[in-house]
Amino acid sequence: MKKTGLLSLTFALSLALSPSMAGAETLNAAGIDSQGNTVEIGHELPKAKTKGKEKFDKPSKVEKDSVADVLDESGKKIKKTKIKKNDSEELFGLFDWLGGGGSGGGTTEPPATTDRTVTVLVAVDEEYRAAHSDWQTLTTNIVEKADDGFIRDHSIDYDIKAFAQWTSNGNNASEILQDLDRDFNGNGYDFVVGFTRDTNFNSGGIAYVYPSAPSGSAISVNLDQGAQNTWHAAQHEFSHNYGLGHDAQGSGIQCIMNYDYAYQVDFWDGDHDNEIEAHRTWYGN
């Protein structure tokens, strides 16, 4: 969905650490996204030390039955896909109207009800699709696993409304993030989350950080690092979309926003919890 006439992104690197942030990661770029929002990009999440399992052992928690569009690379709808509610350990599958499906997963026990639902477009690049024939099922499980902490601690449910075939372009993670923004922002989804295996993506994940509720969609991209590591990265990057920064490495603060714990925990420290609560109305209804 290559668009023309959009605002170009200009970025100025800012690498200085303030005394209060010694040992933490600062924002490393600022500019304007394709929808005219002021955005910043946090330092790229380091890759996990080990890739881990390619798939989940059990299906992730899915809070409700839904139907998602499947889009081609130009954004044209080519079919619909059902996402089936999974209350416990029953089988989870994705089925288009003509049949088919798959399974995978992980487990948690978030609350049964939420009071805020946000919509998600999942965009998957050509390298990721080539590696995973079940890419719709796999990315659904990743998003659903990443949203468990949001449901448990903030009653925010991520609801996938579309899957898009994406051709990623860029020389590094920051440029690939901008490419996703240009290709799929402005189509009515609260979040656009990309999944990539592009060899130029030199990060575990990357996202726009917004100073206020953005026009259009919140944008993030995650590297394929196996099911477990990728959902942790996705939760970390979704958190950036709510305006969260990082905790200082070496501080001992156990939080998914601390690089020391980003691939180990699924919760936030108190300050970051408060920040999500203050910004939860940015997205959804």
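Higher on the page you've got the structure.
Remember, it's a predicted structure, so these values are computed and weren't measured experimentally.

J.: How should I be thinking about the overall build of the chain in this particular structure?
T.: When helices and strands are counted, the chain shows six helices and ten strands. The buried share among the 285 residues of the chain stands at 55%. Here the contacts in the chain between residues at least 6 apart in sequence split such that 69% fall between residues at least 24 apart.

J.: For this particular structure, what's the right way to read the environment of Ile206?
T.: Of note, Ile206 is situated in strand E9 (residues 205-209). Between the C-alpha atoms of Ile206 and Ser220, which are 14 residues apart in sequence, the distance is 5.8 Å.

J.: Please explain the pattern of salt bridges as it appears in this structure.
T.: Two side chains of opposite charge can pair, provided their charged atoms sit close to one another. In the structure shown here, the tally under the stated rule is 14 salt bridges. With a closest N to O distance of 3.1 Å, Glu54 and Lys51 form a salt bridge. Residues Lys53 and Asp57 are paired through a salt bridge, measuring 2.8 Å at the closest nitrogen-oxygen approach. Across this residue pair, the class does not change: Lys53 and Asp57 are exposed. Via salt bridges that share partners, Asp69, Lys77 and Lys80 belong to a single interconnected network.

J.: Even after reading the chapter, I still don't get helix H6 (residues 270-279), so can you show me in this structure?
T.: An α-helical turn contains 3.6 residues, so a residue and the one three or four places further along point in the same direction. Here H6 has its buried residues at His272, Asp273, Ile276 and His279. Across the axial projection of H6, the buried residues extend over an arc of 135°, all falling on one side. Of the exposed residues in H6, those oriented more than 90 degrees away from the buried face are Asp271, Asn274 and Ala278. For H6, the secondary structure elements touched by its buried residues are helix H3 (148-154) and strand E7 (156-166). A distance of 3.0 Å separates the backbone nitrogen of Asp271 from a side-chain oxygen at the start of H6, and that oxygen is part of Asp269.

J.: I tried to follow helix H4 (residues 173-184) on my own but got confused; where do I start?
T.: Relative to the 16 Å expected for twelve residues at 1.5 Å per residue, H4 spans 17 Å between its end C-alpha atoms, a close match to the ideal helical length. The buried fraction of H4 amounts to ten of the twelve residues, a majority that puts the element mostly inside the structure. For H4, every residue scored as buried is listed here: Ala173, Ser174, Ile176, Leu177, Gln178, Asp179, Leu180, Asp181, Asp183 and Phe184. Here H4 starts with a cap whose side-chain oxygen sits 3.2 Å from the backbone nitrogen of Ser174, and that cap is Asn172. Gly186 occupies a position one or two residues after H4 and carries a positive phi of about 80°.

J.: Help me understand the nonpolar core, please; the structure alone is not making it clear to me.
T.: For soluble globular proteins, the rule of thumb is that nonpolar side chains tend to be buried together. If you look at the biggest cluster of nonpolar residues, it comprises 60 residues, and the most contacted ones within it are Val122, Tyr158, Phe191 and Tyr242. Broken down by element, the residue count for this core peaks at seven residues, all from E7. If we ignore the near neighbours within four places in the chain, the residues touching Val122 are Thr139, Val143, Ile160, Ala162, Phe163, Ala164, Val193 and Phe195. Formed by six residues, the second largest nonpolar core is a distinct cluster that contains Leu45, Tyr259, Ala262 and Tyr263.

J.: Honestly, the packing of aromatic side chains in this entry has me stumped. Any pointers?
T.: What describes a pair of aromatic rings is the distance from one ring centre to the other and the angle between the planes of the rings. Under the defined criterion, the tally for this structure stands at 13 aromatic pairs. Consider the rings of Tyr158 and Phe191, whose centres lie 4.9 Å apart with planes at 45°: the pair is tilted. Of this pair, Tyr158 sits in strand E7 while Phe191 sits in strand E8 (residues 191-196), and the two are 33 residues apart along the sequence. Across the pair, exposure class does not vary: Tyr158 and Phe191 are buried alike. Ring geometry for Phe191 against Tyr283: centres 4.5 Å apart, planes inclined by 45°, an arrangement best described as tilted. Pair noted here: Phe191 is in strand E8 and Tyr283 is in the segment after H6, with a separation of 92 residues, a long-range link. By relative accessible area, which is 0% here, Phe191 ends up buried. The rings of Phe150, Tyr158, Phe191, Phe238, Tyr242, Trp268, Trp282 and Tyr283 are connected pair by pair, giving a single aromatic cluster.

J.: So what exactly am I meant to see when it comes to the environment of Asn241 here?
T.: With respect to the element layout, Asn241 can be found in helix H5 (residues 227-241). You can call Asn241 buried: its relative accessible area is 0%. Spatially, the C-alpha atoms of Asn241 and Glu40 are 9.9 Å apart, while their sequence positions differ by 201 residues. Here the side chain of Asn241 touches Tyr208 through a polar contact of 2.9 Å, landing on its backbone oxygen. One polar contact links the side chain of Asn241 to the main-chain carbonyl oxygen of Ile219, over a distance of 3.2 Å.

J.: When you look at unusual backbone geometry in this model, what are you seeing that I'm missing?
T.: The bulk of non-glycine residues show a negative phi, and the bulk of peptide bonds are trans. The backbone of Ser155 sits at a positive phi, close to 55°, despite the residue not being glycine. In this structure, Ser155 sits in the loop between H3 and E7. On the accessibility criterion, Ser155 (23% relative accessible area) is partly exposed.

The rules behind each value
Each residue is numbered by its place in its chain's sequence as written, counting from 1. With pLDDT at 70 or above as the cut-off, local features in this predicted model cover only qualifying residues; side-chain atom pairs require 80 or more to be listed or tallied, and sums for whole chains, interfaces and linings still use all residues. In computing side-chain values, all of the structure's heavy atoms are included and hydrogens and water are not. The numbering of helices and of strands both runs from the N terminus, where a helix is a DSSP run of H or I of at least 4 residues and a strand a run of E of at least 2. Burial here depends on accessible area, computed with a 1.4 Å probe over protein chains only, as a share of the maximum for the residue type. Under 20% is buried, over 50% is exposed, and the range in between is partly exposed. Any pair of residues with heavy atoms lying within 4.5 Å of one another is described as a contacting pair. Here, a salt bridge means any Lys or Arg side-chain nitrogen found within 4 Å of an Asp or Glu carboxyl oxygen. Here, the arc refers to the directions that run from the helix axis to the C-beta atoms. Two N or O atoms form a polar contact when they lie within 3.5 Å of each other; inside protein one atom must be a possible hydrogen donor and the other a possible acceptor, and for residues adjacent in sequence the pair counts only when both atoms belong to side chains. A helix is expected to span 1.5 Å for every residue after the first. Nine residue types can take part in a nonpolar core, namely buried Ala, Val, Leu, Ile, Met, Phe, Trp, Tyr and Cys, and a core is a set of them joined through side-chain atoms within 4.5 Å. Working definition: a ring pair exists when centres of Phe, Tyr or Trp rings (six-membered ring for Trp) sit within 6.5 Å. Plane angles under 30 degrees give stacked, over 60 give edge-to-face, the rest tilted.

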